[in-house]
Amino acid sequence: MATPRFSTNDVTVVFFLGGPGSGKGTQSANLVKDYGFVHLSAGDLLRAEQVREGSQYGDLIREYIREGKIVPMEVTVALLSNAMAESLATSPPPAGTKARFLIDGFPRKLDQAVFFEETVCPSELVLFLDCPEDVMESRLLKRGETSGRDDDNAASIRKRFHTFVETSMPVVDDFEKKGKVVSVKADSSVEQVYEQVKAGIEARGLHKR
Ligand SMILES: Nc1ncnc2c1ncn2[C@@H]1O[C@H](COP(=O)(O)OP(=O)(O)OP(=O)(O)O)[C@@H](O)[C@H]1O
Ligand SMILES: O=c1ccn([C@@H]2O[C@H](COP(=O)(O)O)[C@@H](O)[C@H]2O)c(=O)[nH]1
């Protein structure tokens, strides 16, 4: 078996999962501020790679995102792993502490989870935002009025929900069986959701920095 690039002695990885529009990006900002996480959104990294001059993956990523499909894992895992390495090199954690990475919107498929944990770093826990589809849909349609995202439209949202239910929920279920999931109901206000998020992660031994 491959040795992971980063050791859990140096790095804490929290996967942040939930359906499209469940509020992961919004809650991540709070977690960065209070808990010293480095926030890495797989979707943001893919969108940056899509427009990077000279990228061989631009067209592929654009097509996958518009169709709500999951980009081949080698691309996403390389982006995440390199972003972690860059963060550790340029902004190392305070002396005597472990770096904390909040990996938002990843892994979205079982094989991605296995590949990442074997080659990059095993996760400490999985934070899951549990939100009804109708709530997520109305949030995304509203966000789509200003986000400029190719996939915040009714047709793409439908496809993203399908992929989430069929492919990404099994990842959450698998981590649940391993006792790693902190699940939070995400259909209340941003502040109320954050209260539950804090309670959930504190109960697992992650405290403010
Ligand atoms: N608890 C909440 N109540 C109301 N609106 C919210 C709440 N949380 C997030 N929002 C809004 O819903 C939209 C989606 O939130 P956000 O971008 O954080 O979700 P996400 O899970 O990161 O979505 P995606 O996976 O599609 O990137 C945003 O416009 C955000 O402002
Ligand atoms: O691990 C990942 C994460 C994301 N994608 C693709 O990006 C879009 C948008 O992701 P957001 O988390 O909503 O920003 C998603 O629908 C996938 O097409 C991916 O392929 N793999």
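Residues numbered from 1 in each chain as written. Chains lettered and ligands numbered in written order. Predicted model: local features only at pLDDT ≥ 70, side-chain atom pairs only at ≥ 80, totals over all residues. Heavy atoms only, no water.

1. Some details on the UniProt feature "binding site: ATP" (unreviewed entry) in the protein chain
Heads up, the condition is: UniProt positions are given in the numbering used here, feature names are shortened, and annotations may be inferred rather than shown by experiment. Secondary structure counts use DSSP, requiring at least four H or I residues in a row for a helix and at least two E residues in a row for a strand, with both numbered from the N terminus. Only protein chains enter the accessibility calculation, which uses a 1.4 Å probe; a residue is then buried when its area is under 20% of its type maximum, exposed when over 50%, and partly exposed in between. It only takes one pair of heavy atoms within 4.5 Å for two residues to be counted as in contact.
Here, UniProt's "binding site: ATP" (unreviewed entry) annotation points to Gly-21, Ser-22, Gly-23, Lys-24, Gly-25, Thr-26, Arg-143 and Ser-188. Looking at where Gly-21 falls in the secondary structure, it is placed in the loop between strand E1 (11-18) and helix H1 (24-35). Take Gly-21: its relative accessible area is 17%, and that puts it in the buried class. Apart from residues no more than four positions distant in its own chain, Gly-21 is found in contact with Met-136, Arg-139 and Leu-140. Mapped onto the elements of the fold, Arg-143 is located in helix H6 (residues 133-144).

2. Some thoughts on the side chain of Lys-180
Keep this limit in mind: For the purposes of these results, a polar contact is taken to be a pair of N or O atoms within 3.5 Å, where, inside protein, one atom must be able to donate a hydrogen and its partner to accept one; residues adjacent in sequence count only when each atom of the pair is a side-chain atom.
Of note, Lys-180 is situated in the loop between helix H7 (154-177) and strand E5 (181-185). When its relative accessible area of 18% is taken as the criterion, Lys-180 is described as buried. A distance of 3.5 Å separates a polar atom in the side chain of Lys-180 from a polar atom in the side chain of Glu-117. Not counting the four nearest positions on each side in its chain, Lys-180 is found in contact with Glu-117, Ser-123, Glu-124, Leu-125, Val-126, Phe-175 and Arg-204.

3. Description of the environment of Leu-140
Mapped onto the elements, Leu-140 comes out in helix H6. Overall, Leu-140 belongs to the buried group, its relative accessible area being 1%. Put simply, Leu-140 and Asn-153 are 13 residues apart on the chain and 7.8 Å apart in space, counted from C-alpha to C-alpha. In contact with Leu-140, not counting residues within four places along its chain, are Pro-20, Gly-21, Asp-152, Ile-157, Arg-160 and Phe-161.

4. Regarding H7
The cut-off we apply is this: To estimate the expected span of a helix, count its residues, drop one, and scale the result by 1.5 Å. The angle separating two fitted axes, one through the seven residues that finish at a residue and one through the seven that start at it, defines the bend at that residue.
End to end, H7 covers 33 Å across 24 residues, agreeing with the expected 34 Å (1.5 Å per residue, within 8%). The largest bend in H7 amounts to roughly 40° and is located at Ser-168, with the proline Pro-170 lying one to four residues further along. Every buried residue belonging to H7 is among Ser-156, Ile-157, Arg-160, Phe-161, Thr-163, Phe-164, Ser-168, Val-171, Val-172 and Phe-175, and all of these are buried. In the segment just after H7, Gly-179 is the residue with positive phi, at about 75°.

5. Observations concerning unusual backbone geometry
Of note, the bond from Phe-106 into Pro-107 is cis; its omega dihedral lies within 30 degrees of zero at 0°. Relative to the assigned elements, Pro-107 resides in the loop between strand E3 (99-104) and helix H5 (110-119).

6. Considering the UniProt feature "binding site: a ribonucleoside 5'-phosphate" (unreviewed entry) in the protein chain
UniProt's feature table lists "binding site: a ribonucleoside 5'-phosphate" (unreviewed entry) at Arg-47, Lys-69, Ile-70, Val-71, Gly-105, Phe-106, Pro-107, Arg-108, Gln-112, Arg-149 and Arg-160, given in the numbering used throughout. The named residues occupy 114 residues along the chain; their greatest pairwise C-alpha distance, 24.0 Å, places them well apart from one another. Assignment of secondary structure puts Val-71 in the loop between helix H3 (58-66) and helix H4 (73-90). Among residues more than four places away in sequence, those in contact with Val-71 are Leu-46, Leu-60, Ile-61, Tyr-64, Thr-76 and Gln-112. Sequence-distant contacts of Pro-107, defined by excluding residues within four places in its chain, comprise Phe-15, Leu-17, Gln-112, Ala-113, Val-171 and Phe-175.

7. Some thoughts on the nonpolar core
Looking at soluble globular proteins, one finds that nonpolar side chains tend to be buried together. Selection rule: Only buried residues count toward a nonpolar core. Its members are Ala, Val, Leu, Ile, Met, Phe, Trp, Tyr and Cys residues joined through side-chain atoms within 4.5 Å.
Core analysis: the biggest nonpolar cluster contains 26 residues, and Val-13, Met-84, Ile-103 and Phe-116 have the highest contact counts within it. Taken together, the elements giving at least two residues each to this core come down to E1, H4, E3, H5, strand E4 (125-130) and H7. Counting 22 residues, the second-largest nonpolar core is a separate cluster that includes Leu-102, Leu-140, Val-182 and Ala-186.

8. Quick look at the sheet that holds strand E2 (residues 37-41)
Note the following rule: Strands were regarded as paired on the criterion that DSSP finds at least two bridges between them. Axis geometry follows a simple rule: fit a line to the C-alpha atoms, using only the stretch in contact for helices, then measure angles between N-to-C directions, giving values from 0 to 180 degrees.
The parallel open sheet is built from five strands, whose spatial order is E2-E3-E1-E4-E5. A strand with exactly one partner marks an edge of an open sheet, and here the two such strands are E2 and E5. Across this sheet, the average inter-strand angle for adjacent strands is 20°, counted without regard to direction. Taken together, the six bridges between E1 and E3 define a ladder with parallel strand orientation. Each bridged residue has a counterpart across the sheet, and for Thr-12 the counterpart in E3 is Arg-100. Each of E4 and E5 touches helix H8 (residues 190-203); the most contacted strand, E5, lies at about 160° to it.

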